[in-house]
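Structural description and commentary
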Amino acid sequence: PHGLPLLTGLQIRHGFKLRNGNLRDIWSIVMGQKNINSVTFIENGNEVKADAYHLNGIFEKLNLFFKDHEVSTVGVAVPLYSFHGFVSSFTCFVNGLNAHHFNHLQRKNPDVDVLIVDEKNLSFALRLDIKLIIVVSEDPLKSFSQQNVINWNELGDLTSLNSDTYSYNYDPEYDSGV
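Residues numbered from 1 in each chain as written. Predicted model: local features only at pLDDT ≥ 70, side-chain atom pairs only at ≥ 80, totals over all residues. Heavy atoms only, no water.

**Quick look at helix α3 (residues 83-95)**
The terminal C-alpha atoms of α3, which comprises 13 residues, lie 18 Å apart, in line with the 18 Å expected from a rise of 1.5 Å per residue. The element α3 is extensively covered by neighbouring structure, given that twelve of its 13 residues are classed as buried. Looking at α3, one finds that the buried residues are F83, H84, G85, F86, V87, S88, S89, F90, T91, C92, F93 and V94. Just downstream of α3 lies G96, where phi reads positive at about 75 degrees. (Helix = DSSP H or I, 4+ residues; strand = E, 2+ residues; numbered from the N terminus. Expected span 1.5 Å × (residues − 1). Buried < 20%, exposed > 50% of the residue type's maximum accessible area, 1.4 Å probe, protein only.)

Given below as structure tokens:
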């Protein structure tokens, strides 16, 4: 239900066993499948397809970027259904980082280390006190003069990444929801 956390209490059935589970648990089940289909996103009128191994590779790369920048909380101010919103959110979900999603940016400073925004919201995001802003720009080569702002494409080449390894050990205590 809307407003409840997606990190615990998902009542996952794995085989005949029912458990609370979380999104990391679900992703480990997805990665354990033999035939994995792709997910299609529409970005600026273009189709972007990615299979689970490609997405998993992107999750790993973004997680390393977040670790290198000592990020524990990510603000996602791009649509969750977009490629950038999906991979940013799921990187947080499958790696145990906090994600805050914004339909529109708040007037007060959100409690995030990194904020991911589209370029049309950059001027508003610059008014906030954010350690690092990652801009989803239609121009992959565009650079920004502010020191705390980078173009999404500065994260590196995400098109050729693949990883078929993801492990998560289910812990009923963590998933108790209390």
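**Describing the environment of V114**
Here V114 shows up in strand β7 (residues 114-118). Exposure remark for V114: the relative accessible area of 0% places this residue in the buried category. For the pair V114 and V74, spaced 40 residues apart in sequence, the C-alpha separation works out to 5.0 Å. For V114, the residues in contact, after removing those within four places along its chain, are F66, V71, T73, V74, G75, I130, L132 and I134. (Contact = heavy atoms within 4.5 Å.)

**Observations regarding the layout of surface pockets**
Of the pockets and cavities examined, the largest pocket occupies roughly 720 Å³. Around the largest pocket, the lining is made up of 27 residues, and of these E43, N44, H84, V136 and S137 lie nearest the centre. Elements with a minimum of two residues in the lining of the largest pocket: β3 (38-43), β4 (46-51) and α3. Among the elements that take part in the lining of the largest pocket, β4 stands out by supplying four residues, more than any other. (1 Å grid on protein atoms, 1.4 Å probe; cavity = no way out; pocket = protein on both sides within 12 Å on 5 of 7 lines; lining within 4 Å. Points joined across faces, edges and corners; volume = space filled by probe spheres on them.)

**As for the sheet that holds strand β6 (residues 98-101)**
Strand order across the open sheet formed by five strands is β6-β5-β7-β8-β9, with parallel pairing between neighbours. The sheet terminates laterally at β6 and β9 (149-151), the two strands that pair on one side only. On average, each strand axis in the sheet is tilted by 20 degrees relative to the strand beside it, whichever way the strands run. Of the strand pairs in this sheet, strand β5 (residues 73-77) and β7 are connected by four bridges, and their pairing is parallel. The residue bridging A77 from the neighbouring strand is V117, located in β7. Helix-sheet contacts for α3 involve β5, β6, β7 and β8 (132-136), and the interaxial angle to β6 is about 145 degrees. (Pairing = 2+ DSSP bridges. Axes fitted to C-alpha atoms, helices over the stretch in contact; angles between N-to-C directions.)

**A short note on the packing of aromatic side chains**
This structure, assessed with the given rule, holds six aromatic pairs. Relative to F90, the ring of F59 lies with its centre 6.2 Å away and its plane at 25 degrees, an arrangement referred to as stacked. Taken together, the residues span a long stretch of sequence, with F59 in helix α2 (residues 52-68) and F90 in helix α3 at a distance of 31 residues. Each member of the pair, F59 as well as F90, is classed as buried. Ring pairs connect the aromatic residues F41, F59, F83, F86, F90 and F93, which therefore count as one cluster. (Phe/Tyr/Trp six-rings, centres within 6.5 Å; stacked < 30°, edge-to-face > 60°.)

**Structural notes on the side chain of D118**
One can find D118 in strand β7. Only 2.8 Å separates the side chain of D118 from the side chain of N121, close enough to count as a polar contact. Beyond its immediate stretch of four places on either side in the chain, D118 contacts A77, V78, V135 and V136. (Polar contact = N/O pair within 3.5 Å; in protein donor to acceptor, adjacent residues only side chain to side chain.)

**Looking at α2**
The end-to-end C-alpha distance of α2 is 24 Å, a good match for the 24 Å that 17 residues give at a rise of 1.5 Å each. Turning to α2, its buried residues number three or more, namely A52, H54, L55, N56, G57, I58, F59, L62, N63, F65 and F66. One side-chain oxygen at the N-terminal end of α2 lies 3.0 Å from the backbone nitrogen of Y53; it belongs to D51. Residue E70 follows α2 closely and has a positive phi angle near 50 degrees.

**Notes on the nonpolar core**
Of all hydrophobic cores here, the largest spans 29 residues; its most connected members are F66, V87, I116, I134 and W152. Of all elements in the fold, only α2, β5, α3, β7 and β8 reach the threshold of two or more residues within this core. Among the elements that line this core, the one with the most residues is α3, at seven residues. I116 has contacts with V74, G75, V76, A77, V78, S88, I134, V136 and W152, leaving out every residue within four places of it along the chain. Formed by 14 residues, the second largest nonpolar core is a distinct cluster that contains A77, L128, V135 and F144. (Core = buried A, V, L, I, M, F, W, Y, C linked by side-chain atoms within 4.5 Å.)

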